[in-house]
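Residue-level listing of the chains:
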Amino acid sequence: MATPNGLARIETNGATKPDNGVCHDDSSAPVRAQTIDELHSLQRKRSAPTTPIKDGAASTFAAALSEEERHRQQLQSISASLASLTRETGPKVVKGDPARRGEAPATGAPPTPQAHHQHHHPAAPTIAVSDSSLKFTHVLYNLSPAELYEQAIKYEKGSFITSTGALATLSGAKTGRSPRDKRVVKDEVAARDLWWGKGSPNIEMDEHTFLTNRERAVDYLNSLDKVFVNDQFLNWDPENRIKVRIISARAYHSLFMHNMCIRPTDEELESFGTPDFTIYNAGQFPCNRYTHYMTSSTSVDINLARREMVILGTQYAGEMKKGLFGVMHYLMPKRGILSLHSGCNMGKDGDVALFFGLSGTGKTTLSTDHNRLLIGDDEHCWSENGVSNIEGGCYAKCIDLSQEKEPDIWNAIKFGAVLENVVFDEHTREVDYTDKSVTENTRAAYPIEYIPNAKIPCVGPHPKNVILLACDAFGVLPPVSKLDLAQTMYHFISGYTALVAGTEDGIKEPQATFSACFGAAFIMLHPTKYAAMLAEKMQKYGATGWLVNTGGSGGRYGVGKRIRLPYTRKIIDAIHSGELLTANYQKTEVFGLEIPTEIKGVPSEILDPINTWTDKAAYKETLLRLAGLFKKNFEVFASYKIGDDSNLTDEILAAGPNF
């Protein structure tokens, strides 16, 4: 359909599946609400909360100051990164809230209480002169959670305190990531280094378009009375940590990143210096849809050469977290460090296990073990020093959350935690985690130290076990298989799971999903590069690979049943203890997997899936069907050569199903 001026209409709310077929477990369709008031009505159970939020509260920033004092404060708060496209040294910030200067408030504005700090704020970085027209935005620098609560409650409509003390807020129309709107600048270096083309999450843009969007974001941030700046770290390994700076317009975003990144001490902030990477989050402001490479009013852009990220047209906080994860997927391998989308825990004897798995495979459930220490739930690095968590917090799904099933997550949702897009009772402020009125992708972000058995600092020795989880709804994969290095690489690159999708007429069939390296949406390099690094480290440090099926057994979907969680836990325990290293094994047909003949506490008959199927012919047919799906998925990787020859590539291909 054409617009009156003859141009093709741009569709901004398409819900079609991405062409590249990449799995995105937190991408989400826009919410049904058409106005902010409609969105608030979904957020609250019955009626408007009794706690009013005054729209004119922002006027308190217009404090009655002398012209000389105002000029002095304006000069102090100049940020080079907010004023100039030629920024080299990063934002120049001033500490504190300009509404709390001890000055008389504007006429009619309520008095602002003074905050009492038990710690000192680091001195503001040195001010540099900018080449721009000098914007005088106030910068709120590394505010505490309490200060950010105040900012959100006062000035951000839709922010409330729940009964447990968490901050509940809304991300607007976008309640999940927008993978089709993510762009990476394809300069000469990126063209050579990054994975492009079919199956890749990297969609190109040019430098000029990035700068256009960057200027649009910077202009928007400069137009505000205030912006929030977080200076934080990524990676708990002190030798390889990255300094990041997040500039945002919402207190919600600042608190979210305060939780998700590693929080520096006051002393570390004093010497923070120039960041290694900067995010400009102007998500409340749209991109220009007629700008080259744009497909909607949302754009998430990464420029690896400039070490910058720009966000326009989406307020979903997960874009910042996953954007930085993508950056780590680029920066760390260049240092010989493997970046991993995995959970990680450690036993009392120092044995570390990595858990890989897509949504619904049980990664969170199985990596959370009260008998083991939690190093991290989602993002890790494996270096010469061992394993380390990239993040300083956890980002947990909340849909159907219960205290009985997930007590650690339930108890972590307290003061300081951020709840996204949840529904709560208008009077008691108790959250209804079963309510999907706003979105099914409800989330909680909290510091990792809120988990009782978290290991602080979040580092550990080299992993002994690499556990690949698959929820196989076809019911043909064994409950556990021991993998050799080539098989580990093959199944790591495949990143398989099969879930059951319902249709309107009630027909349900397993849907195979493949996500390279169990996180295709975030990787930057070709999957085989990460797989080769994984195999190299596993071989060097003596780690063993395992494929664990948490899905079906005993027949095709509708006939078989899901493998009981207690059995899966027994299998994981046997991996941790080393019991399975000395077990007797037999090889399966087609996939050639080594399966144990006996595990303590697990019925032996379920270890070989063919034993649980009464219809053996149907088992063989389903097995071959799944093997065919594996082969078809791997076609995009088959021609990619690793190293100077293709020997390793051939070895990986040989480790797949043969029939």
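What counts and what doesn't
- Residues numbered from 1 in each chain as written.
- Predicted model: local features only at pLDDT ≥ 70, side-chain atom pairs only at ≥ 80, totals over all residues.
- Heavy atoms only, no water.
- UniProt positions renumbered as here; feature names shortened; annotations may be inferred.
- Helix = DSSP H or I, 4+ residues; strand = E, 2+ residues; numbered from the N terminus.
- Buried < 20%, exposed > 50% of the residue type's maximum accessible area, 1.4 Å probe, protein only.
- Contact = heavy atoms within 4.5 Å.
- Areas by Shrake-Rupley, 256 points an atom, 1.4 Å probe, with all protein chains shown as cover.
- Pairing = 2+ DSSP bridges.
- Salt bridge = Lys/Arg side-chain N within 4 Å of Asp/Glu carboxyl O.
- Core = buried A, V, L, I, M, F, W, Y, C linked by side-chain atoms within 4.5 Å.
- Domains from an automatic or database assignment.
- pLDDT = per-residue confidence, 0-100.
- Polar contact = N/O pair within 3.5 Å; in protein donor to acceptor, adjacent residues only side chain to side chain.
- Arc of directions from axis to C-beta.
- Axes fitted to C-alpha atoms, helices over the stretch in contact; angles between N-to-C directions.
- Parallel < 35°, antiparallel > 145°, perpendicular 65-115°, else oblique.
- Left-handed = near helix turned anticlockwise from the far one by under 90°.
- Nonpolar A, V, L, I, M, F, W, Y, C, P; charged D, E, K, R; others polar.

- An unreviewed UniProt entry annotates the protein as phosphoenolpyruvate carboxykinase (ATP) of Zea mays.
- Recorded under Pathway (unreviewed entry), the UniProt text for the protein is reproduced unchanged: "Carbohydrate biosynthesis; gluconeogenesis."

**Overview of the overall build of the protein**
Right, on to step 1. If you tally the helices and strands in the protein, you get 16 helices and 31 strands.
Right, on to step 2. The burial tally for the protein puts 57% of its 659 residues in the buried class.
Right, on to step 3. Sequence-distant contacts, at least 24 apart, represent 75% of the contacts inside the protein between residues at least 6 apart.
Right, on to step 4. Accessible area of the protein: about 27600 Å², with a carbon and sulfur share of 51%.

**Examining the pairing of strand E8 (residues 277-282)**
Right, on to step 1. When you tally the buried positions in E8, you get six out of six residues, the bulk of the element.
Right, on to step 2. Of the two faces of E8, the one carrying Phe277, Ile279 and Asn281 and the one carrying Thr278, Tyr280 and Ala282 are both buried.
Right, on to step 3. Pairing geometry for strand E7 (residues 242-248) and E8, over five bridges, is parallel. Note on E8: the bridge partner recorded for isoleucine 247 is tyrosine 280.
Right, on to step 4. Note that E8 and strand E10 (residues 308-312) share five bridges and pair parallel. Each residue of the ladder has a partner; that of isoleucine 279, found in E10, is methionine 309.

**Section: the pattern of salt bridges**
Right, on to step 1. What the rule picks out here adds up to 18 salt bridges.
Right, on to step 2. The shortest N-O distance in the salt bridge between arginine 241 and glutamate 268 comes to 3.1 Å. Residue arginine 241 is located in the loop between strand E6 (226-234) and E7, and its partner glutamate 268 is located in helix H8 (residues 266-270); the two are separated by 27 residues in the primary sequence.
Right, on to step 3. Judged by relative accessible area, which is 32%, arginine 241 ranks as partly exposed.
Right, on to step 4. When salt bridges with common partners are traced through the structure, they connect Lys321, Lys322, Lys363, Asp378, Glu379 and Glu391 into a single cluster.

**What to know about the nonpolar core**
Right, on to step 1. Within the largest apolar cluster, 132 residues are counted, with the highest numbers of intra-cluster contacts made by Trp382, Ile413, Leu419, Tyr446, Phe492 and Tyr496.
Right, on to step 2. Both domains that furnish three or more residues to this core are identified here as domain 1 (138-337 + 383-459) and domain 2 (462-655).

**Overview of the confidence of the model for the protein**
Right, on to step 1. Mean pLDDT for the protein: 84, with 78% of residues reaching 70 or above.
Right, on to step 2. Confidence drops under pLDDT 50 across residues 101-119; counting only partners more than four residues distant or on other chains, this segment forms 21 contacts.
Right, on to step 3. A low-confidence stretch, residues 123-134 (pLDDT under 50), is modelled with 17 contacts involving residues beyond four sequence positions or located in other chains.

**So, the side chain of threonine 497**
Right, on to step 1. Along the chain, the position of threonine 497 falls in strand E25 (residues 496-502).
Right, on to step 2. Since its relative accessible area comes to 1%, threonine 497 is described here as buried.
Right, on to step 3. Within the local environment of threonine 497, its side chain forms a polar contact with the backbone nitrogen of cysteine 471, the two atoms lying 3.0 Å apart.
Right, on to step 4. Contact partners of threonine 497, with chain neighbours within four places excluded, come to Leu358, Thr361, Ala470, Cys471, Gln511, Ala512 and Thr513.

**Here we look at the sheet that holds strand E3 (residues 167-169)**
Hydrogen bonding along the main chain pairs the strands of a sheet, whether they run parallel or antiparallel.
Right, on to step 1. A sheet is described by the order of its strands in space; here five strands give the open sequence E2-E3-E18-E21-E17, paired in mixed fashion. On the outer flanks of this sheet lie strand E2 (160-161) and strand E17 (393-397), each paired with one strand and no other.
Right, on to step 2. Note that strand E18 (residues 418-420) and strand E21 (residues 443-447) share three bridges and pair antiparallel. When the bridges of E21 are listed, valine 418 appears paired with alanine 445.

**Some thoughts on the pairing of strand E15 (residues 379-383)**
Right, on to step 1. Of all five residues making up E15, five are buried, and the element is well covered by its neighbours.
Right, on to step 2. Burial along E15 is two-sided: the residues Glu379, Cys381 and Ser383 and His380 and Trp382 are all buried.
Right, on to step 3. Where strand E11 (residues 338-341) meets E15, four bridges bridge the pair, whose relative direction is antiparallel. Bridge pairing links histidine 341 to glutamate 379 in E15.
Right, on to step 4. The turn linking E15 back onto strand E16 (residues 386-389) is made up of two residues.

**Quick notes on helix H1 (residues 36-43)**
Right, on to step 1. Here H1 has its buried residues at Leu39, His40, Leu42 and Gln43. The buried side chains of H1 occupy one side of the element, clustering within an arc of 155° when seen end-on.
Right, on to step 2. In this fold, the buried residues of H1 make contact with E2, E3 and strand E19 (423-424).

**Quick word on the side chain of asparagine 465**
Right, on to step 1. Structurally, asparagine 465 can be placed in strand E23 (residues 463-470).
Right, on to step 2. Given the relative accessible area of 5%, asparagine 465 is considered buried.
Right, on to step 3. Of note is the side chain of asparagine 465, whose polar atom sits 3.4 Å from the backbone oxygen of isoleucine 575.
Right, on to step 4. Excluding its chain neighbours within four sequence positions, the residues that come into contact with asparagine 465 are Val352, Ala353, Leu354, Ala543, Thr544, Trp546, Ile575 and His576.

**Brief notes about unusual backbone geometry**
Right, on to step 1. At the junction of isoleucine 456 and proline 457, the peptide bond is cis and its omega measures out at -5° in the coordinates.
Right, on to step 2. Secondary-structure assignment places proline 457 in the loop between E21 and strand E22 (459-460).
Right, on to step 3. In this structure, arginine 307 is a non-glycine residue whose phi angle is positive, near 55°.
Right, on to step 4. Within the secondary structure, arginine 307 sits in the loop between strand E9 (299-303) and E10.
Right, on to step 5. In this structure, aspartate 400 is a non-glycine residue whose phi angle is positive, near 65°.
Right, on to step 6. Mapped onto the elements, aspartate 400 comes out in the loop between E17 and helix H11 (407-412).

**A word on the packing of helix H7 (residues 251-260) against helix H9 (residues 318-334)**
The description of two helices packed together rests on the angle between their axes and the distance between the axes.
Right, on to step 1. One way to put it is that H7 packs onto H9 with a least axis distance of 9 Å and a crossing angle of 40°. With respect to H9, the element H7 is oriented oblique. Of the two elements, H7 crosses H9, and the hand of that crossing is right-handed. Listed contacts from H9 to His253, Phe256, Met257 and Met260 of H7 are Gly318, Met320, Lys321 and Leu324.
Right, on to step 2. When grouped by side-chain class, the residues that make up the contact of H7 with H9 number five nonpolar, two polar and one charged.

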